[in-house]
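# Secondary and tertiary structure notes
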Amino acid sequence: MSAMFKGGGGARSAMSENVPELENEPFLDESERAANAEIEYPGNAPRTFTPGKSNPASGGIGSGLAGIFGMPKKLTFSVQLAHGSPVRKIGNFKSVKELYDRVGESFPEIDSPAEIMFCTLNSYSLTKNMENLLGGQIMLSDFIYVHIKSHIRKRVVIHKSDSALGLTITDNGAGIAFIKRIREGSIVSRVSQVRIGDHIESINDQSTVGWRHFEVAKKLRAIPIGQQFTMVLVEPLRSEFDNIAPRRAPGQPAPQSTHDLADIGDGNQSIRFRSQGNAEMQQEMPTDFIVQAQNLIDDELEKYVGIRDSALASDIYDFWTSAEDADKFATDLDEALGEGIIPDDAIFRIDEALQDLKAKFG
């Protein structure tokens, strides 16, 4: 991936029921997860591709990831339900929605893919800020844990005493918006029933199922200060071991985040999920500038819009690099996402911050 920078030109013009128990299998450690990754590349196939784009040397479009030009002949991930289940191999998907469809087909415990709330990588536990959430990128050695809806549905009443509720919202790319972060000391942090990972099913009796995260955030921002509002929240089904650290022998170091990638190339390959749901293979890891730029965009989205979405941040970065100037950047975003989804001041701030970051990297 080139370190050349372009675009993002000059400054923009001002502007509880019981849940049936499932038969559990032991959770796998790091080395076992690495051993479960299965990758086989065809002879001289390119390692970078975009689904649906033709490659004359490839021969034709097949089905799923395995049939996309330049994708491995065999690409499967080890998948387990986060609350406990047998481990199964899943492949043949080229979008987040298709991943959920394959999970639904592979696990008889799941009645419908609509039960899937989100996935985490390499750990079934929900961390404080859900850093292990499956977002814009997945390494080929990652182990996927699938979190499904529980029967715990909560109706909470919140008094909006300030413009900022302290919620950060994201979504699973298939119509489920949920809480990714709760800021300490905020309005929502004082409501004990609201938890990280909760799906926001409705606001003031209006269903939000099928909404994107920015639509849910916009609905919450529109509630006048001083008003009360209600949310119906659905918890993910949790493992009884969710708050217990993994056991290890005395003196044994904690598992490292590295994997044995001898069977899957040089370890730099990953799958990038676009904000619209499609996937593409990436041969090289992003440069330091790109990583910092995408994190900066995610921070600004959280500050101005109340969402975090690494896939969206990655796409916004692509819009910025390809735009001739800040006005074109804003226009492209409005056309892609819908006018006003990201406020003008947020777009202006993102462009300005990226320009500053670009200057630091020379």
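The structure presented is a predicted model; accordingly, all values stated were derived computationally and were not measured.

### A word on the nonpolar core
Residues Leu220, Met231 and Ile342 are the most contacted members of the largest nonpolar core, which totals 57 residues. Once residues within four sequence positions are removed from consideration, Ile342 is found in contact with Leu301, Val305, Ile316, Leu337 and Ile347. Membership of the second largest hydrophobic core comes to 22 residues, among which are Cys119, Ile138, Leu140 and Ile144.

### Some points on the pairing of strand 7 (residues 167-171)
For strand 7, the tally of buried residues reaches 5 of 5 residues, placing the bulk of the element in the interior. Residues Leu167, Ile169 and Asp171 line one face of strand 7 and the alternating positions Thr168 and Thr170 line the opposite face, and both faces are buried. The pairing of strand 7 with strand 8 (residues 177-182) spans 5 bridges and is antiparallel. Pairing of Ile169 across the sheet is with Ile179, part of strand 8.

### A short note on the pattern of salt bridges
Any two side chains of opposite charge can pair if their charged atoms end up close together. Using the criterion set out here, one finds 19 salt bridges in the structure. As a salt-bridge pair, Arg308 and Glu302 come within 2.6 Å of each other at their nearest N and O atoms. On the basis of relative accessibility, which here comes to 11%, the residue Arg308 falls in the buried class. With a relative accessible area of 17%, Glu302 lands in the buried category. Between Glu352 and Arg349 there is a salt bridge, and its shortest N-O distance comes to 3.4 Å. Highlighted residues: Glu352 and Arg349, both in helix 8 (residues 344-361), separated by 3 residues, approximately one helical turn.

### Looking at the packing of helix 6 (residues 310-322) against helix 7 (residues 326-337)
In the contact formed by helix 6 and helix 7, the axes pass within 9 Å of each other and the chain directions differ by 140°. With respect to their mutual orientation, helix 6 and helix 7 come out oblique. Relative to helix 7, helix 6 is oriented so that their crossing is right-handed. Residues Leu312, Ile316, Phe319 and Trp320 of helix 6 touch helix 7, and the partners they reach there are Phe329, Asp332, Leu333, Ala336 and Leu337. Of the residues that constitute the contact of helix 6 with helix 7, the class distribution is 8 nonpolar, no polar and 1 charged.

### Brief notes about the packing of aromatic side chains
Counting across every chain of the model gives 7 aromatic pairs. For the pair Phe143 and Tyr145, a centre-to-centre distance of 4.7 Å together with 40° between the ring planes defines the contact as tilted. Both residues of the pair, Phe143 and Tyr145, count as buried. An angle of 35° between the planes, with centres 6.4 Å apart, marks the rings of Tyr317 and Trp320 as tilted.

### A short note on unusual backbone geometry
The residue Asn122 is not glycine, and still its phi comes out positive at about 70°. Mapped onto the elements of the fold, Asn122 is located in the loop between strand 4 (116-121) and strand 5 (137-139). Unusually for a residue other than glycine, Asp205 sits at a positive phi of about 65°. Classification of Asp205 by relative accessible area gives exposed; the value is 58%.

Quick notes on the rules
- Residues numbered from 1 in each chain as written.
- Predicted model: local features only at pLDDT ≥ 70, side-chain atom pairs only at ≥ 80, totals over all residues.
- Heavy atoms only, no water.
- Core = buried A, V, L, I, M, F, W, Y, C linked by side-chain atoms within 4.5 Å.
- Buried < 20%, exposed > 50% of the residue type's maximum accessible area, 1.4 Å probe, protein only.
- Contact = heavy atoms within 4.5 Å.
- Helix = DSSP H or I, 4+ residues; strand = E, 2+ residues; numbered from the N terminus.
- Pairing = 2+ DSSP bridges.
- Salt bridge = Lys/Arg side-chain N within 4 Å of Asp/Glu carboxyl O.
- Axes fitted to C-alpha atoms, helices over the stretch in contact; angles between N-to-C directions.
- Parallel < 35°, antiparallel > 145°, perpendicular 65-115°, else oblique.
- Left-handed = near helix turned anticlockwise from the far one by under 90°.
- Nonpolar A, V, L, I, M, F, W, Y, C, P; charged D, E, K, R; others polar.
- Phe/Tyr/Trp six-rings, centres within 6.5 Å; stacked < 30°, edge-to-face > 60°.

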